[in-house]
There are 2 protein chains.
Amino acid sequence: MDLGFSREGAVDAPLDRAARHLEFDQRATVIDEGDEARFIYLILEGAVMMSKLLPDGRRQIIELLGSGDVFGITTTDTHDCCVETLRPTRILCYDRKTVDGSQSLQSLITERMKAQICALHDHAVLLGRKSAIERVATFLMRIVPGRGGSGCIGGPRKEDNANVRVPLTRQEIADYLGLTLETVSRAFSHLKRDGLLVYGRHDEVTIVNVCRLCQHTGSH
Amino acid sequence: MDLGFSREGAVDAPLDRAARHLEFDQRATVIDEGDEARFIYLILEGAVMMSKLLPDGRRQIIELLGSGDVFGITTTDTHDCCVETLRPTRILCYDRKTVDGSQSLQSLITERMKAQICALHDHAVLLGRKSAIERVATFLMRIVPGRGGSGCIGGPRKEDNANVRVPLTRQEIADYLGLTLETVSRAFSHLKRDGLLVYGRHDEVTIVNVCRLCQHTGSH
DNA sequence: CGCGGACTTGATCTGTCTCAAGTGCCGTGG
DNA sequence: CCACGGCACTTGAGACAGATCAAGTCCGCG
């Protein structure tokens, strides 16, 4: 079973001979705010979160990324956000100069960036206009492999449950969804009470009926 | 005086012979949700807003774009957001095929996309974590030509006022900032009462001290 | 068994939304 | 030239979703 934030299929990495291969454990820091922006990163396997801090400590998690996604993109010469792994993660690390010189690498990155822009658009709608329950439902939908995108495929079906791992703490989910930890917890409880969710072991959750959950995202 | 959402300097447009030139009035629709995604657009002059709707009518304005910015980017074959002009606007309109064939055009677009991703990151922080006043202050800062970016340049100065045009209605600002029209209006009144803002004619506003306003953005 | 961290749940508070009047401004038509 | 209407905006009062504060509870681990 897939663990979310990832596209299906293998990641084809051009010029991987020219790249540095990095391996990280769970909860490792890949980039810190202020780091010099020398590299572009491509996730081969795993998942990371990208976050920004306000001076008074408020945090917003800005993107959740999985295999195939790129990060380290900036217009300045330092990074303005930090990136941490959510799971053990393998990353390819290209020097900017390498990227500038490679046509195929550039078009791979551009393609990824397009997808990420679309995701950021959707996330802006979530942050700007959705209720707490809708945010959590949308978040859960995004974790379901192959269903996070534009929504329901086909009509509601009898058997449509999904077992997902949620590799984020409540606080992290809150920081991603622009809520507090308590509100996220209450939303989970609410969805559970309504029979949409069943908790499993550890960080596992069963979505009883994906299509029914989807009705709560506000997007359908 | 600059009207905001725009970088300084001329827009150099590669392959402009291959592109269609479009001119729009104020408040014209360039793209509607559901339109076929055949083109990539480059703003030569003017400003547009890109927005998304939820099925129940809630709207989020996702990006404000000015000269040099690109739009029409999507991973699907239809557009999932709509784009309207805020001012009379001249746009270059490239066929996707043209873009795919041109190295220089692609790198221009990639460069713009990077900047837009950074802007979307900042906007996510705003939507997820900032108070109403901070949102409005940040928005106003963004409109000040050359100051919208990473923040204060140098320390506070005596003379640091700026005259800006706000080519959006309160409702549009609200939809951009994830607030209601009334809350935006109250925030404006609040900033005015504190002597940070003076209203001019029409949609003109004088920011009495840019650096002082900047202190209210939450980012400094 | 007991500790600590993540999570849940409850009670209360508050910033923003909602609803409802205004006010001011501009263009139109008498 | 002024009355009128419409629209954008402002302002107030009250409601409410989510934040904050404060106990718990659960569970893995030493």
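Residues numbered from 1 in each chain as written. Chains lettered and ligands numbered in written order. Predicted model: local features only at pLDDT ≥ 70, side-chain atom pairs only at ≥ 80, totals over all residues. Heavy atoms only, no water.

What follows deals with the protein's contact with DNA strand D. Around DNA strand D lies a shell of 17 residues, among which A:T183, B:R170, B:S185, B:R186 and B:S189 are the nearest. Backbone atoms, meaning sugar and phosphate, make up 61% of the atoms of DNA strand D lying within 4 Å of the protein. Within the side chain of A:R201, a nitrogen or oxygen atom sits 3.2 Å from a phosphate oxygen of DNA strand D. Taking B:R186, its side chain carries an N or O atom lying 2.8 Å from a base nitrogen of DNA strand D. When contributions to the surface near DNA strand D are tallied by element, the ones reaching two or more residues are α5 (181–193) of chain A together with α5 (181–193) of chain B. Across the surface near DNA strand D, the residue classes break down as 4 nonpolar, 7 polar and 6 charged. (Near = heavy atom within 4 Å. Polar contact = N/O pair within 3.5 Å; in protein donor to acceptor, adjacent residues only side chain to side chain. Helix = DSSP H or I, 4+ residues; strand = E, 2+ residues; numbered from the N terminus. Nonpolar A, V, L, I, M, F, W, Y, C, P; charged D, E, K, R; others polar.)

Moving on, we get to the protein's contact with DNA strand C. In the vicinity of DNA strand C there are 17 residues, among which A:R170, A:S185, A:S189, B:T183 and B:R186 approach most closely. Within 4 Å of the protein, the atoms of DNA strand C are drawn from sugar and phosphate moieties in a proportion of 57%. With respect to DNA strand C, the side chain of B:T180 contributes an N or O atom lying 3.1 Å from a phosphate oxygen. In this structure, B:R186 approaches DNA strand C through a side-chain N or O atom, which is 2.8 Å from a base oxygen. Of all the secondary structure elements, the ones that give two or more residues to the surface near DNA strand C are α5 of chain A together with α5 of chain B. In terms of residue count, α5(A) provides more of the surface near DNA strand C than any other element does, 5 residues in total. Here the surface near DNA strand C is built from residues that sort into 4 nonpolar, 7 polar and 6 charged.

In an α-helix, one turn spans 3.6 residues; hence positions three or four apart end up facing the same way. Here helix α2 (residues 103–129) of chain A spans 39 Å end to end across 27 residues, near enough to the 39 Å set by a 1.5 Å rise per residue. Of all the 27 residues making up α2(A), 20 are buried; the element is thus mostly covered by neighbouring parts of the structure. (Expected span 1.5 Å × (residues − 1). Buried < 20%, exposed > 50% of the residue type's maximum accessible area, 1.4 Å probe, protein only.)

If you look at the interface, chain B gives 38 residues, while chain A gives 38 residues. Surface buried jointly by chain B and chain A totals about 3600 Å² across both partners, of which 62% is contributed by carbon and sulfur atoms. When residues of chain B are sorted by the area they lose upon contact with chain A, B:R58, B:H121 and B:R129 head the list and together hold 20% of the total. For B:E134, the salt bridge identified is with A:R58, shortest N-O distance 2.8 Å. Between the two partners, chain B and chain A, sit 17 residue pairs in polar contact (both at pLDDT 80 or more). (Contact = heavy atoms within 4.5 Å. Buried area = accessible area lost by both parts, 1.4 Å probe. Salt bridge = Lys/Arg side-chain N within 4 Å of Asp/Glu carboxyl O.)

The next point concerns the side chain of A:T217. Residue and element names in this part refer to chain A. Mapped onto the elements of the fold, T217 is located in the segment after α6 (210–214). Classification of T217 as buried rests on a relative accessible area of 4%. Of note is the side chain of T217, whose polar atom sits 2.8 Å from the backbone oxygen of C214. Among all residues touching T217, those that are not within four sequence positions of it are K130, E134, A137, T138 and M141.

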